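Commentary on secondary and tertiary structure
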Amino acid sequence: MEQITTSMLINELPRLILSLVLVIAFVALNALMLVYMERKVAGHMQKRLGPMVVGPHGLLQTLVDGIKLMGKQIINPEEVDLPLFRMAPILALVPAIAVFAVIPFSEKLVARDLNAGLLVVFAYASLSVLAILAAGWGSNNKYGLIGAVRSVAQQVAYEIPMLVSVLSVVLLSHTTQLTGIVNAQKGMWNIVYQPVAFLIFFICSVAETNRAPFDLVEGESELTAGFHTEYSGMGFGVFFLAEYASMVVGAAIATILFLGGWNGPTFGIGGALSGIFPGVLWFLIKVYILIFIVMWIRWTYPRVRFDQLLNFSWKVLLPFSLANLIITAVVTKL
Amino acid sequence: MKIERNLEEHSLYLNMGPQHPSTHGVLRVILKLDGEYIEEAEPVLGYIHRMHEKMGENRTYAQYLPNMGRVDYLSALSYNQCYVGAVERLTGIAPPPRAEYIRVITTELNRLSSHLLWFGAYVLDLGGFTPFLYSFDDREHILDLLESITGSRLTYCYFRFGGVSKDITDDFITGTRAFIKRLRMHLPMYETLVTKNVIFINRVKEVGIITPEAARRYGVTGPALRGSGIKYDVRKNEPYSIYPEVDFDIPVQDGCDALSRYIVRMLEMEQSMRIIEQALDKLPEGPVMAPKVPKKVKPPKGDCYFAVETARGDFGIYIVSDGTETAYRIKLRTPGFSNLSIFAEISRGTLLQDAISTMGSLDLVIPEIDR
Amino acid sequence: MLLSKTKTAIESIFPLEIKEADYARVGYHLEVILDAEKVVSLAKVMMAQGFYLEDVTAIDLNPDMEVIYHYAHTEGCCRVTGRAYTPRHAPEVPTIAGIYSGANWHERETHDFFGITFKDHPYLVPLLLPEDADFHPLVKEDGKVKQLKDIKRAEVKEQAGAPAAGEGKPAPAGGEKGEKA
Amino acid sequence: MSYFGEIYTGAVSLIAGLGVTGKALFQPTVTVQYPWETIDITPTFRGHIELVTDEETGNFKCICCGLCQLNCPSHCISIKSSKPEGAKKKALDSYMLNFTTCSLCGTCVEGCPADAIKFSDDYNLAGFSREEFYFDLVKRAREEK
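My aim in this report is to walk through the structure given alongside it, one point at a time. (Residues numbered from 1 in each chain as written. Chains lettered and ligands numbered in written order. Predicted model: local features only at pLDDT ≥ 70, side-chain atom pairs only at ≥ 80, totals over all residues. Heavy atoms only, no water.)

Focus: the packing of aromatic side chains
Put simply, the rule reads: Aromatic pairs are defined between Phe, Tyr and Trp rings, using the six-membered ring for Trp, whenever the two ring centres lie within 6.5 Å; interplanar angles under 30 degrees are classed as stacked, those over 60 as edge-to-face, and all others as tilted. Each helix is a run of H or I in the DSSP string that is no shorter than four residues. Each strand is a run of E no shorter than two, and both are numbered from the N terminus.
Going through the model one piece at a time under the given rule, you end up with 40 aromatic pairs over all chains. Plain terms: the ring middles of phenylalanine 198 of chain A and phenylalanine 258 of chain A are 5.4 Å apart, the flat faces sit at 70° to each other, and that makes the pair edge-to-face. A residue pair is termed long-range when its members are at least 10 positions apart, and phenylalanine 198 of chain A in helix H9 (residues 195–208) and phenylalanine 258 of chain A in helix H11 (residues 233–258) qualify at 60 residues. Through successive ring pairs, a cluster of aromatic residues spans Trp118, Phe119, Tyr122, Tyr190, Phe200 and Tyr262 of chain B.

Following this line, the structure appears as structure tokens:
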């Protein structure tokens, strides 16, 4: 470990601030775009048009919605646990933003290229459950409480197969540094070697972000709005922002681990395409395709039942991911 | 029936409704929960009670007709049919055959629209948003068709004592045939999207078990009863109007669960389409109103009961006349009332999410329950 | 067949109270007129015969309120109407909620509307009316309430005139072709 | 069914579901952008009622018999009429429709012996107060002219 010195801090400070500003801007912009995209995708899947009024094809709709949310009164219901209640939205957003510190958008475009990047990602990601628990418990609402309790069980159940499936990627690339994992995929993307792990990881990341069909935490048909029932204005808005931020994180990690990160397709006929776009663009294209699939899933399926959700994780995902890990370990040692 | 609150226990009392996304209107259910398991459920009614029965005593027979569209706004024409049927039985007015055919065609279209709405709303209850809009897209065509005949889109007041208020047009007939063709094409799509979906099946299978014995104790009727393996349909058991002249089946499933009730309704849509097609083929010429209907309907003294099969079950009207222009007593026996009364029993011991899918599978329309 | 079977079953307990009704005109086959205490034994018979309860309701009459039980069968077409009378000033009927669970709500509703007390009812509080309602909307005002004879069909004449008189009338339910079948 | 069989059929059903919504994504939408686009109202549409004027004389067809007022289940019609001196027929002074309680059942139009009232096709009704829906049909008909 290097010794942290004052001069180092001074040298690093501009870079840190720049990264922070860029990441926050990226997250906010993404949320605006993704909400618009979600509404358009949902609309067209349902033979509707989606937002059409504000701006050309409703492009400015989410911006206006955001402004409206900011203008709303922030209500603190009686008998809430005020510190927890107010802290929860921030607690949800901060880890989602902090994760971006280690995500490499391209070879150079990474705020901090840690050698244990993958671990940092999962450490931060598991914090989100705390935020939901704080929100549900703090708001002194029975729907919120049930939602929060569901969230804990769900996160515990889905984190394990997710980590196990990621381990097999680590076995392949011999590193937990995210740039290292991407570089290891120069020749061939991991999805080709690890389709099962990819599928498990993808399902788990949908569940981790509490997106339909795994959105039991908010499950509006039984829990009205689950953990954020009592939130108004920007309190709700920040949760919303956090949800979309963690959606991007999930898709980004999946891209890095399985879809070759910023690498264009270097195999088959795709090899010719690789040079067309710069690395960042390749990365973002893959991320948005994954996000589109998440949306597609959301607007197609009904919500699963809670016990079945847990059963699916413990009885299907976990055995499959473990088997996959063992097979990978054996094959790489051969 | 009543939930006693005991603060010593570690139970959670959850007040679901009267404003709740899944109670379809203003139904309130007090739930006593142990974790997510329901220990007791107590439905609380009356939030949209309008005392339709009292209105019947204060209005003339003709003036009470518009009320029928408001009792159950989703199958208003079945209610129209029951009421005019009861008054016709009481007074001895006989509608001409063409009117009877038109009544059946429009009522079955109305049943289709009710089932389509239920399908969408049920999947919405289970968290699937998209099928809801697909079924509304189809339902909109029925509403357009019925609007072109009756003049309203939801609370129809179309049948009259001794006939119907307006003859159907050729446009309506071609439109109906085109719609049936369209719906036949769309039903397999619903099947792929919902019926076969593994998440959906897991949500409804073996959920909300209504045993045939319990169904009889509570007086459950309609698709909820037919999902418990009992082949009872007023249209077959006690045929009225022109139902004996058309060929149709009564779909029955014996799973006793929400899935069976779901499948019964989906199969019923096909049967409704068959009835409409046959009725359109056989549609006789002639007037649509009986020749001598008095301006003021004044049935003789006496009582009479008339029952029809609505989209939700057996709806009966019991009229007691004292020989004047207004009824002495009108009793509306609504199917939803009995169907909901079983909810407390079948939801006991199930998960909160199962209660939602059970409630949805009963196809509740609260105004009809509260009257 | 169902009809005759039901009739025999009811007759074995209520030989005097049972009457056959003209289905085409009134929409039910059998009518059982009982003392208020006997509604439970009728419910037991109906349960044993496989009937389900359509509804429980009442009519406000002077001097006795009429409580009505509609039963129907799922395996054919047979409707039975039970009628019991209870004094208007203090209406009271035993509950049948112990036999037909569905009667629980129907009786609560009737209690709301008419103020009829159902003896031994497990939970007789307002169902459709507000919890603190102290009125019964379907109880008629004193001037408007009628007697039983005012709402009954003039049957005496018809019976005297034998079936011929009934057939001579313009078919009462001629439009309901199905019912003749 | 076996463990793997269940997973397989489940996965197939899920993919088939994605196919349905995916196809819909590229199908034309059915939305009508309401304030800018409208659909035609059917001729049978039952809006609120309007007075019919006789094309020859330009007077209202109403003969002031009061049947509509009598037939209305919700008592939302009230007519005032007078008989000017020397005239043969009664003349309509005011025809008030309380649209807040009207249930659009059409009993009034059906019962009218002179065919003097009809349904309008006005479905864009909005207002800020209850009073805006107490329609004076005589005034409305004159304004329309």
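More follows now that the structure is in view.
Details of the sheet that holds strand E6 (residues 302–309) of chain B
All names here are of chain B. Using the following cut-off: When DSSP locates at least two bridges between a pair of strands, those strands are taken to pair. To define axes, lines are fitted to C-alpha atoms, for helices over the stretch in contact only, and angles between the resulting N-to-C directions are given on a 0 to 180 degree scale. Should any heavy atoms of two residues lie within 4.5 Å, those residues are considered in contact.
Spatially, the three strands line up as an open sheet ordered E6-E7-E8, and their pairing is antiparallel. The open sheet has two free edges, formed respectively by E6 and strand E8 (327–333), since each of these has just one partner strand. Between one strand axis and the next, the sheet turns by 15° as a mean value, whatever way the strands run. The pairing of strand E7 (residues 314–321) with E8 spans six bridges and is antiparallel. When the bridges of E8 are listed, isoleucine 317 appears paired with leucine 332. Where helix H3 (residues 76–91) meets the sheet, its contacts fall on E6, E7 and E8, and the angle it forms with E6 comes to roughly 150°.

Brief notes about the interface of chain A and chain B
Where we set the bar: The buried area of a pairing is the accessible area, by a 1.4 Å probe, that goes missing from both parts when the two are put together, added over both. Salt bridges, as used here, are contacts in which a Lys or Arg side-chain nitrogen is within 4 Å of a carboxyl oxygen on Asp or Glu. For this analysis, a polar contact is any N or O atom pair within 3.5 Å, provided that within protein one partner can donate a hydrogen and the other can accept it, and provided that sequence-adjacent residues contribute only side-chain to side-chain pairs. Residues are grouped as follows: Ala, Val, Leu, Ile, Met, Phe, Trp, Tyr, Cys and Pro are nonpolar; Asp, Glu, Lys and Arg are charged; every other residue, Gly included, is polar.
At the junction of the two partners, chain A supplies 25 residues and chain B supplies 34 residues. It is Ser221, Pro302 and Arg305 of chain A in chain A that bury the most area against chain B; as a group they hold 22% of the surface buried on that side. Where chain A meets chain B, there are three salt bridges. Among the salt bridges present, the one from aspartate 354 of chain B reaches arginine 305 of chain A, with a minimum N-O distance of 2.9 Å. Put simply, chain A and chain B have 13 residue pairs in polar contact (both at pLDDT 80 or more) between them. For the side of chain A that touches chain B, the secondary structure elements donating two or more residues are helix H6 (142–173), helix H10 (220–223) and helix H13 (306–333) of chain A. Within the side of chain A that touches chain B, the residues separate by chemical class into 11 nonpolar, five polar and nine charged.

Quick word on the environment of methionine 96 of chain D
Residue and element names in this part refer to chain D. Within the secondary structure, methionine 96 sits in strand E3 (residues 91–98). Counting along the chain gives 85 residues from methionine 96 to alanine 11, while the straight-line C-alpha distance between them is 64 Å. Apart from residues no more than four positions distant in its own chain, methionine 96 is found in contact with Cys76, Ile77, Ser78, Tyr134, Phe135 and Asp136.

Points about unusual backbone geometry
Note that the residue after asparagine 62 of chain C, namely proline 63 of chain C, is joined by a cis bond; omega there is 0°. With respect to the helices, strands and loops of the structure, proline 63 of chain C is situated in the loop between strand E4 (61–62) and strand E5 (64–73). Although it is not a glycine, glutamate 206 of chain B sits at a positive phi angle of roughly 55°. Looking at the element boundaries, glutamate 206 of chain B is found in the loop between helix H7 (198–204) and helix H8 (212–218).

A look at the arrangement of the chains
Taken together, the four pairs of chains in contact show their highest number of contacts between chains B and C. Separated without contact, chain A and chain C have their nearest C-alpha atoms at a distance of 24 Å. Structurally, chain C and chain D remain out of contact, their C-alpha atoms never closer than 19 Å.

Examining helix H5 (residues 130–150) of chain B
Residues and elements named next belong to chain B. Worth spelling out the cut-off: Expected helix span is computed as 1.5 Å times (number of residues minus one). Throughout, exposure labels follow a simple rule: accessible area from a 1.4 Å probe, protein chains only, divided by the maximum for the residue type, with under 20% read as buried, over 50% as exposed, and the rest as partly exposed.
Here H5 contains 21 residues, and its C-alpha end-to-end distance of 30 Å stays within 8% of the 30 Å for a straight helix at 1.5 Å per residue. Within H5, 15 of the 21 residues are buried, which leaves the element mostly enclosed by the surrounding structure. Of the residues flanking the end of H5, it is glycine 151, one or two places downstream, whose phi is positive at about 90°.

What about the nonpolar core?
Applicable threshold: Nonpolar core, defined: a set of buried Ala, Val, Leu, Ile, Met, Phe, Trp, Tyr and Cys residues in which side-chain atoms within 4.5 Å join the residues together.
Residues Tyr83, Ile317 and Ile319 of chain B together with Ile10, Tyr71 and Tyr100 of chain C are the most contacted members of the largest nonpolar core, which totals 172 residues. Among the elements that take part in this core, helix H4 (residues 97–125) of chain B stands out by supplying 11 residues, more than any other. Every residue in contact with isoleucine 10 of chain C, bar those within four places of it in the chain, is listed here: Ile18, Leu30, Val32, Leu42, Val45, Met46 and Val80 of chain C. Counting 86 residues, the second largest nonpolar core, distinct from the first, contains Leu34, Ala131 and Leu257 of chain A together with Leu18 of chain D.

Thoughts on the sheet that holds E3 of chain D
Residue and element names in this part refer to chain D. Across the sheet, which stays open at both edges, the three strands sit in the order E2-E3-E5 with antiparallel pairing between neighbours. Of all strands in the sheet, those bounded by a partner on one side alone are strand E2 (77–82) and strand E5 (134–136). The average undirected angle you get between the axes of adjacent strands in this sheet is 15°.

Quick word on the pairing of strand E6 (residues 79–87) of chain C
Residue and element names in this part refer to chain C. Buried residues dominate E6, accounting for seven of its nine residues. Relative to E6, strand E2 (residues 30–35) is paired through six bridges, and the arrangement is parallel. Counterpart to leucine 34 in the pairing with E6 is alanine 84. Linking two consecutive strands that pair antiparallel, namely E5 and E6, is a turn of five residues.

Let's talk about the interface of chain C and chain B
With 64 residues of chain C at the contact, the number on the chain B side is 61 residues. Taken together, both faces of the contact between chain C and chain B bury some 5,100 Å²; the carbon and sulfur share is 52%. Contact with chain B buries area across many residues of chain C, yet Trp105, Tyr123 and Leu128 of chain C alone supply 14% of it, more than any other trio. Where chain C meets chain B, there are eight salt bridges. Between lysine 146 of chain C and aspartate 322 of chain B there is a salt bridge whose closest N-O contact spans 2.8 Å. Counting every contact that joins chain C to chain B gives 28 residue pairs in polar contact (both at pLDDT 80 or more). Those elements that provide at least two residues to the side of chain C that touches chain B are helix H2 (23–26), helix H3 (39–48), strand E3 (51–59), E5, E6, helix H4 (103–114), helix H5 (148–151) and helix H8 (177–180) of chain C.

Quick word on the pairing of E3 of chain C
All names here are of chain C. With nine of nine residues buried, E3 lies mostly within the body of the structure. Strand direction decides the pairing type here: E3 and E5, joined by eight bridges, are antiparallel. Residue pairing in the sheet places leucine 53 in a bridge with tyrosine 71 of E5.

With respect to the packing of helix H2 (residues 61–71) of chain B against H3 of chain B
Residue and element names in this part refer to chain B. Rules: Put simply, angles under 35 degrees are roughly parallel, angles over 145 are roughly antiparallel, angles from 65 to 115 are roughly perpendicular, and the rest are oblique. In this scheme the handedness of a crossing depends on how the near helix is turned from the far one: anticlockwise by less than a right angle means left-handed, clockwise means right-handed.
Here H2 crosses H3 at 150°, and the two axes come no closer than 7 Å. Put simply, H2 runs roughly antiparallel to H3. By crossing handedness, the relation of H2 to H3 is classed as right-handed. Of the residues in H3, those touching H2 at Tyr61, Tyr64, Leu65, Met68, Gly69 and Val71 are Ala76, Tyr79, Asn80, Tyr83, Val84, Val87 and Leu90. Here the residues of the contact of H2 with H3 are counted per class, giving 11 nonpolar, two polar and no charged.

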